[in-house]
Amino acid sequence: LRAALRRGGQGGLLVSSLTNVRWLCGFTGSAGSLLVTAREAVFFTDFRYRIQAQREVAGARVVEYPGRPLEAVAAEVKRARVRRLGIEAEHLTVAAHADLRAAAGGVELDPLKGVVEQARAVKDPTEVAAVRRALAASHRAFLATSRRLAGRRERDVADALGAAMRREGAEGEAFPSIIASGPRAALPHAVPTERRIRGGDLVIMDFGARRDGYCSDLTRTLLPGRGTAERRRIYRIVLEAQRAALASVRPGIPASAVDEAARRVIEQAGFGKEFGHGTGHGVGLEVHEKPSISHRSGEVLQPGMVFTVEPGIYVKDFGGVRIEDMVLVCQTGSEVLSRHVPKLTAC
Ligand code: GLY
Ligand code: MN
Ligand code: MN
């Protein structure tokens, strides 16, 4: 981060995103910010987090502000003689920006996008281990809740999945589970309803657990009962697209090439327009983070990146299929972290 700031000519960065704060200094509470300068790091919070900050914060001096947080920040910025301060354009509110400008008169505020997020895209082994634990909890929960779906309500399956993930050691869900059956499977981000799953439905189950702050994100599409030939055909196309994309993952290639590998298969089968989202996204402390795996992505895959590969086909009034796995970029190739989570491989 400091190298990035040096390159950008900023004397420091005010980190406002709590996720970025957590990643940099370990604080897991809900109010705090971090000032990183060339020589030091200062963590700001209030009385409510005095004890927690003493326990959690590493590598930064803790300042407890009695009054307005941004006045405390401004005082430290001036003390450190920072003339140009990076701010997180995607996280600092317009109101806080105005307060900071008023309190730190004379300091140039430089809006930056995604500096910490860029660094977070490459995981260290401790982070990868946490992702594996999150995956293990969601994997076991899936095994416990995905049998005999016909006759159950989408909402009940989602509740059972959430409870099972917590039982398996998750702090909670990484995001609200998606259970979408029959025609509802055509909605990529469907909310579970009272609908009862029927034999022959395509059923999308998209779920993730959070452990030690890190997320998993998995999708399996099931076909309780055999379903029609057309449903099975669409499933096979998505499966083939996903295999092609997963097989393409290795360091040094553009992220857009992974998207292309999946998209080519789906386009050739005539469903290009029915695959309207990107192929994947990074996963870590947040369920959606860098790198973006889409045709617009300018990123190059690096060892340590963890992301999803999740092509899908969605057809109005018919249903849909999405298959999502998580992959780790290694020194030479890749490892599909969720390879043991069963999926239909022949249908
Ligand atoms: N659960 C949302 C996604 O897969 O990105
Ligand atoms: Mn995803
Ligand atoms: Mn998902």
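Residues numbered from 1 in each chain as written. Chains lettered and ligands numbered in written order. Predicted model: local features only at pLDDT ≥ 70, side-chain atom pairs only at ≥ 80, totals over all residues. Heavy atoms only, no water.

(A) Just the overall build of the protein, in detail. If you tally the helices and strands in the protein, you get ten helices and 19 strands. In terms of C-alpha radius of gyration, the protein reaches 23 Å, essentially the compact-globule figure of 20 Å for 347 residues. Judged by the C-alpha coordinates and their principal axes, the protein covers about 70 × 40 × 35 Å. Each of the 347 residues in the protein was classed as buried or not, and the buried ones make up 52%. The contacts of the protein with a sequence gap of at least 6 include a subset with a gap of at least 24, amounting to 64%. Per element, the accessible surface of the protein, about 15800 Å² overall, is 51% carbon and sulfur. (Helix = DSSP H or I, 4+ residues; strand = E, 2+ residues; numbered from the N terminus. Rg over C-alpha atoms; globule rule 2.2 N^0.38 Å. Buried < 20%, exposed > 50% of the residue type's maximum accessible area, 1.4 Å probe, protein only. Contact = heavy atoms within 4.5 Å. Areas by Shrake-Rupley, 256 points an atom, 1.4 Å probe, with all protein chains shown as cover.)

(B) Highlighting the nonpolar core. With 34 residues, the main nonpolar core has I179 and M205 as its most contacted residues. At the level of secondary structure, the elements contributing two or more residues to this core comprise α7 (125–145), α8 (154–167), β9 (203–207), β11 (214–215), β12 (218–222) and β18 (325–329). For this core, the element with the highest residue contribution is α7, accounting for seven residues. In this structure M205 touches F142, S146, L149, V157, L161, I178, I179, L218, T219, R220 and L222, once residues within four positions along its chain are discounted. Listed in part, the 31 residues of the second largest apolar core include L223, I237, M305 and V321. (Core = buried A, V, L, I, M, F, W, Y, C linked by side-chain atoms within 4.5 Å.)

(C) Geometry of helix α10 (residues 255–268). Helix length check: α10 (14 residues) gives 21 Å between terminal C-alpha atoms against 20 Å at 1.5 Å per residue, within 8%. Of the residues making up α10, those classed as buried are A255, S256, V258, D259, A261, A262, R263, V265 and I266. Considering only its buried residues, α10 is in contact with α9 (229–248), β14 (289–293), β15 (306–309) and β16 (312–315). Following α10 by one or two positions, G270 adopts a phi angle in the positive range, close to 90°. (Expected span 1.5 Å × (residues − 1).)

(D) Broad picture of the sheet that holds strand β1 (residues 12–15). One open sheet holds the six strands; their spatial order is β4-β3-β2-β1-β5-β6, and the pairing between them is mixed. The sheet is open, and its two borders are formed by β4 (61–64) and β6 (108–112), each paired with just one other strand. If you compare each strand with its neighbour and ignore which way they point, the axes differ by 25° on average. Two elements, β1 and strand β5 (residues 84–88), share three bridges in a ladder whose sense is parallel. (Pairing = 2+ DSSP bridges. Axes fitted to C-alpha atoms, helices over the stretch in contact; angles between N-to-C directions.)

(E) Up close: unusual backbone geometry. Following K290, the chain continues to P291 via a peptide bond in cis, the omega torsion being 0°. With respect to the helices and strands, the residue P291 is situated in strand β14. Of note, R81 is a non-glycine position whose phi angle comes to about 55°, a positive value. Within the element layout of this structure, R81 appears in the loop between α4 (69–79) and β5. Look at D212: it is not a glycine, yet its phi comes out positive at around 50°. Along the polypeptide, D212 turns up in the loop between β10 (209–211) and β11. We classify D212 as partly exposed; its relative accessible area is 38%.

(F) Main features of the side chain of E88. As for its position among the elements, E88 is in strand β5. Among buried Asp, Glu, Lys and Arg side chains, E88 stands out as unpaired, with R120 the closest opposite charge at 7.1 Å. Engagement of the side chain of E88 in a polar contact is seen with the side chain of N20, the distance being 2.8 Å. The residues contacting E88, other than those within four sequence positions of it, are L13, L14, V15, S16, S17, N20, L112, V116 and E117. (Lys, Arg positive; Asp, Glu negative; His and termini not counted. Salt bridge = Lys/Arg side-chain N within 4 Å of Asp/Glu carboxyl O. Polar contact = N/O pair within 3.5 Å; in protein donor to acceptor, adjacent residues only side chain to side chain.)

(G) Representation of the site of ligand 1. Residues in contact with ligand 1, as listed here, are F175, H189, D206, D217, H281, H288, E310 and E324. Here an oxygen atom of ligand 1 sits 2.7 Å away from a polar atom, N or O, in the side chain of H288. A distance of 3.0 Å is found between an oxygen atom of ligand 1 and a side-chain nitrogen or oxygen belonging to E310. For ligand 1, the accessible surface in isolation is 200 Å², of which the surrounding protein chains cover 93%. Assessed atom by atom at 2 Å from the grid points, ligand 1 resides in the largest pocket. Of the residues in the shell around ligand 1, the class split is one nonpolar, three polar and four charged. (Near = heavy atom within 4 Å. 1 Å grid on protein atoms, 1.4 Å probe; cavity = no way out; pocket = protein on both sides within 12 Å on 5 of 7 lines; lining within 4 Å. Sits in = over half its atoms within 2 Å of the grid points. Nonpolar A, V, L, I, M, F, W, Y, C, P; charged D, E, K, R; others polar.)

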